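# Secondary and tertiary structure notes
In case you want the letters, here they are:
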Amino acid sequence: MRVAGLFDIHGNLPALEAVLEEVRREGVDRVVVGGDVVPGPMPRETLHRLLDLDLPVDFIHGNCELAVLAQIAATTTGVVTYWGTTSGRPLPEVDQTIMRWTAQQLDARDQAVLASWPATLRLEIPGAGAVVFCHATPRNETEVFTRRTAEDRLRPLFDPLGVDLVVCGHTHMPFDRTVGRTRVVNAGSVGMPFGRAGADWVLLGPLVELRHTTYDLAAAADRIRGTGHPQASVEADSILRPPSEDEMLDAFAKAELRGGNEDRGRAGQTQPRLDTS
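Residues numbered from 1 in each chain as written. Predicted model: local features only at pLDDT ≥ 70, side-chain atom pairs only at ≥ 80, totals over all residues. Heavy atoms only, no water.

### Topic: helix α5 (residues 108-115)
Taken residue by residue, α5 has D110, V113 and L114 as its buried positions. Down the axis of α5, the smallest arc covering the buried residues is 95 degrees, so these residues share one side. Among the exposed residues of α5, those pointing more than 90 degrees away from its buried face are A108, R109 and A115. Here the buried face of α5 lies against α2 (43-51), α3 (63-77) and α4 (93-105). At the N-terminal end of α5, a side-chain oxygen is found 3.1 Å from the backbone nitrogen of R109, two or three residues along, and the residue is D107. (Buried < 20%, exposed > 50% of the residue type's maximum accessible area, 1.4 Å probe, protein only. Helix = DSSP H or I, 4+ residues; strand = E, 2+ residues; numbered from the N terminus. Arc of directions from axis to C-beta. Contact = heavy atoms within 4.5 Å. Polar contact = N/O pair within 3.5 Å; in protein donor to acceptor, adjacent residues only side chain to side chain.)

This is the structure we're talking about:
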């Protein structure tokens with residue numbers, strides 16, 4: 001069995017389409033979608049493209065699905081109860097606007113689909129062993145850690161799982177490292193990578209392979225600019241010129257394992273606050 005792990009698509013349908021073409025060429029048997037399908041410039045189209053796949057697909061939620069669902073609930077209650085951060089701190093107004101716009105693009109069926117996704121998934125994959133998929137960490141969907149995070153801070157999260165491999169996303173930067181006896185792989189981001197432009201994902205079985213798919217970025221940016229997304233131009237520019245990995249690693253270092261201390265700056269991309277209050 002070969003399994004493709006696709007994380008942090010963020011409504012970037014052109015990137016997803018390119019990755020799915022490669023998924024088919026590789027003879028993948030199953031797809032795991034690791035959360036943060038939305039928000040992004042084409043949220044409903046991206047979700048439906050995944051739901052319509054003629055391959056078995058498993059989904060887990062990210063912090064952004066929960067944040068969008070909270071915006072939908074707030075249209076009835078008048079209160080937003082979740083912002084995608086464990087601190088409960090509201091998002092900047094520009095990103096609140098994006099979350100509200102995303103909520104408006106989804107119908108009742110879409111909302112029910114998002115609400116049904118679990119936090120984690122465990123699979124047995126030949127060659128990879130027992131694998132847990134989670135969005136950020138096995139503990140919650142907002143925590144931040146990177147390839148630089150000290151191992152002694154991570155072992156309490158991963159040692160108790162008793163699995164061979166954990167696959168995560170959330171920080172939009174791929175890595176492959178070992179924590180205690182557990183191999184921990186970040187699949188990177190299909191739709192909003194930090195560092196190299198393109199689309200990052202992971203292929204499991206029998207090997208564990210970090211994959212990078214190139215696609216026509218200029219054409220994708222034009223498609224994104226043609227959407228009704230409130231920050232369409234910013235989104236388009238971000239796929240053409242993503243922030244550097246070193247820049248984001250330095251920023252994330254100030255928010256490691258503090259899940260609630262990040263903003264969604266740059267139109268929905270995970271970016272930590274530089275304060276730790």
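### A short note on the pattern of salt bridges
Within this structure, the stated rule accounts for 21 salt bridges. In this structure, R211 engages E22 in a salt bridge whose closest nitrogen and oxygen atoms are separated by 3.1 Å. In this pair, R211 sits in strand β10 (residues 208-213) while E22 sits in helix α1 (residues 13-25), placing the two residues 189 residues apart along the sequence. E22 shares its class with R211; the two are buried. Residue E209 pairs with R211 through a salt bridge whose shortest N-O separation is 3.6 Å. On the basis of relative accessible area, E209 is assigned to the partly exposed category, the value being 25%. Assessed through its relative accessible area of 15%, R211 is described here as buried. (Salt bridge = Lys/Arg side-chain N within 4 Å of Asp/Glu carboxyl O.)

### Some details on the sheet that holds strand β9 (residues 199-204)
Reading across the sheet, the 5 strands line up as β3-β2-β1-β9-β10 and stay open at both edges, with mixed pairing between neighbours. Every other strand in the sheet has two partners, leaving β3 (57-59) and β10 as the edge strands with one partner each. Between one strand and the next, the sheet's axes are offset by a mean angle of 25 degrees, whatever the strand orientation. Sheet topology note: the strand β2 (residues 30-33)/β3 ladder contains 3 bridges and is parallel. Of the residues in β3, the one forming a bridge with V33 is F59. Its contacts with the sheet put α1 on β1 (3-6), β2, β9 and β10, and the angle it makes with β9 is roughly 30 degrees. (Pairing = 2+ DSSP bridges. Axes fitted to C-alpha atoms, helices over the stretch in contact; angles between N-to-C directions.)

### Focus: the packing of α1 against α2
Between α1 and α2, the shortest axis-to-axis distance is 9 Å and the interhelical angle comes to 20 degrees. Comparing their axes, α2 and α1 come out roughly parallel. From α1, L13, L16 and L20 reach across to α2, where they touch E45, T46, R49 and L50. When the residues that make up the contact of α1 with α2 are grouped by side-chain class, the tally is 4 nonpolar, 1 polar and 2 charged. (Parallel < 35°, antiparallel > 145°, perpendicular 65-115°, else oblique. Nonpolar A, V, L, I, M, F, W, Y, C, P; charged D, E, K, R; others polar.)

### Overview of the confidence of the model for the protein chain
Summarising the model, the protein chain shows a mean pLDDT of 92, and 92% of its residues fall at 70 or more. Note on residues 259-277: pLDDT is under 50 here. Beyond four places in sequence and across chains, it has 81 contacts. (pLDDT = per-residue confidence, 0-100.)

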